[in-house]
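# Architecture and fold: a report
Letter by letter, the chains look like this.
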Amino acid sequence: MKSPEATAAQHSLTPEQIELIKKQIEELETTIRIVGVAVGGDRKLNFRFGHSWSFDFKNNTIHYPLTQLLFNDVHSIIGACIHEGGHCDISKVNFKKEVFKKLLGKESYRFLLNAFEDPRTNNWCMKKYEGSKHYLDAIYNRLFPEDETKEVSRPQSIMEKAGVLIPETEQAKGEMLPHLQYGYAIIDYWRNKRIAPFV
């Protein structure tokens, strides 16, 4: 995983831009810890860089990706932290039970379990923490827009605030694996109450 300095250097940033970005990442990491612990209800909760947002049940750890700290707006980042903290609070796994060993032993099974658990976690967070819907909407308006033809407005990312414009890349077009299609359709149904257009 690249360090913040290596990621920033890749975009030919000035030393001033790099310092601004490092300061803003430190502030975001503090926010992530405060929100995660408050929502998760666990002062012993750990936080680590990872490839994507996730809650690691075995190690009681919220993983967060550096790229999202750099390129996503703060509302989406707080929303993701509320969501993962919600998993810490409500999603319980007993590793001694065979059903959990099986469900968490293979990535495709883990993904399907998570697809059912995510809406439950989001509903829990919205009921328990007034105002959290705004931050969860920041994620889901982008990931599962009600109208895919409209662009979703969002606040600036850290990189944009530093004056670095990142061209949006077109998502790879192609077939989605069936378990991914099914899992994303579950979340899209929770979000938009429809059969997802990609199914």
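Residues numbered from 1 in each chain as written. Predicted model: local features only at pLDDT ≥ 70, side-chain atom pairs only at ≥ 80, totals over all residues. Heavy atoms only, no water.

### Describing the sheet that holds strand β3 (residues 61-64)
The cut-off we apply is this: Pairing between strands requires that DSSP locate at least two bridges from one strand to the other. In this description a helix means any DSSP run of H or I spanning at least four residues, a strand means any run of E spanning at least two, and both kinds are numbered starting from the N terminus. Here an angle of 0 to 180 degrees is reported between the N-to-C directions of two axes, which are lines fitted to C-alpha atoms, with helices fitted over the stretch in contact. The criterion used for residue contact is that any of the two residues' heavy atoms lie within 4.5 Å.
What the three strands build is an open sheet, ordered β1-β3-β2; its pairing is mixed. Here the strands that pair on one side only, and so sit at the sheet edges, are β1 (46-49) and β2 (54-56). Strand after strand, the sheet turns through a mean of 30° between neighbouring axes, direction not considered. Pairing analysis gives three bridges linking β2 to β3, with the strands arranged antiparallel. Across the sheet, the residue bridging to S54 is H63, located in β3. Docked against the sheet, helix α2 (residues 15-40) engages β1 and β3, running at close to 140° with respect to β1.

### Topic: the pattern of salt bridges
Two side chains carrying opposite charge are able to pair once their charged atoms lie near each other. Where we set the bar: Salt bridges are identified by distance alone: a Lys or Arg side-chain nitrogen within 4 Å of an Asp or Glu carboxyl oxygen. Throughout, exposure labels follow a simple rule: accessible area from a 1.4 Å probe, protein chains only, divided by the maximum for the residue type, with under 20% read as buried, over 50% as exposed, and the rest as partly exposed.
As enumerated under the stated definition, the model contains eight salt bridges in all. Two residues, E107 and R110, come together in a salt bridge whose shortest N-O distance is 2.7 Å. Placement of the pair is E107 and R110 together in helix α6 (residues 107-128), with a separation of three residues, close to one helical turn. The partly exposed category is assigned to R110, whose relative accessible area is 30%. Of the charged contacts in the structure, one is a salt bridge between D188 and R194, with a shortest N-O distance of 2.8 Å. Residue D188 shares its accessibility class with R194, and that shared class is buried. Linked through salt bridges whose partners overlap, the residues forming this network are K133, D137 and R191.

### Describing the environment of T31
Examined against the element boundaries, T31 turns out to sit in helix α2. In this structure T31 comes out as partly exposed when scored by relative accessible area, which is 27%.

### Section: the pairing of β3
Because side chains alternate across β3, one face comprises the buried residues T61 and H63, and the other comprises I62 and Y64, equally buried. Pairing between β1 and β3: four bridges, direction parallel. By the bridge assignment, F47 is partnered in β3 with I62. Linkage of β2 to β3, two consecutive antiparallel strands, is achieved through a turn of four residues, within which N60 is found at a positive phi near 50°.

### A look at unusual backbone geometry
The backbone of N60 shows a phi angle near 50°, a positive value even though the residue is not glycine. Residue position: N60 is located in the loop between β2 and β3. Looking at N60, the relative accessible area reads 19%, which means it is buried. Unusually for a residue other than glycine, K193 sits at a positive phi of about 50°. With respect to the helices and strands, K193 occurs in the segment after α9 (178-192).

### Quick notes on the confidence of the model for the protein
Stated precisely, the cut-off is as follows: You can read pLDDT as the predictor saying how much it trusts each residue, on a scale of 0 to 100.
For the protein, the average pLDDT comes to 85, and 81% of its residues sit at 70 or higher. A low-confidence stretch, residues 169-173 stays under pLDDT 50, and its non-local contacts, those more than four residues away or across chains, total zero contacts.

### What to know about the packing of helix α4 (residues 74-90) against α6
The condition that has to hold: In this scheme, roughly parallel covers angles under 35 degrees and roughly antiparallel covers those over 145, while 65 to 115 is roughly perpendicular and the rest are oblique.
The contact between α4 and α6 brings their axes to 9 Å, and the two run at 95°. When the interaxial angle is binned, α4 and α6 end up roughly perpendicular. On the side of α4, the interface is formed by I82, H83, G86, H87, D89 and I90, while α6 contributes N114, E117, D118, R120, T121, N122, W124, C125 and K128.

### Quick notes on the side chain of R194
The cut-off we apply is this: Under this definition, polar contacts are N or O atom pairs within 3.5 Å; protein pairs additionally need one hydrogen-donor-capable and one acceptor-capable atom, and for neighbouring residues in sequence, both atoms have to be side-chain atoms.
In this fold, R194 is placed in the segment after α9. Engagement of the side chain of R194 in a polar contact is seen with the side chain of D188, the distance being 2.8 Å. Those residues in contact with R194, other than ones at most four positions away along the chain, are P145, E146, E148, D188 and Y189.

### A word on the packing of helix α7 (residues 132-143) against α9
The condition that has to hold: Crossings are assigned a handedness: left-handed for a near helix turned anticlockwise from the far helix by less than a right angle, right-handed for a clockwise turn.
In contact at an axis separation of 11 Å, α7 and α9 are set at 120° when each is read in the N-to-C sense. Comparing the axis directions of α7 and α9 gives the class oblique. In this structure, the crossing between α7 and α9 has a hand that is left-handed. Each of D137, Y140 and N141 in α7 lies in contact with α9, whose residues at this interface are I187, W190 and R191.

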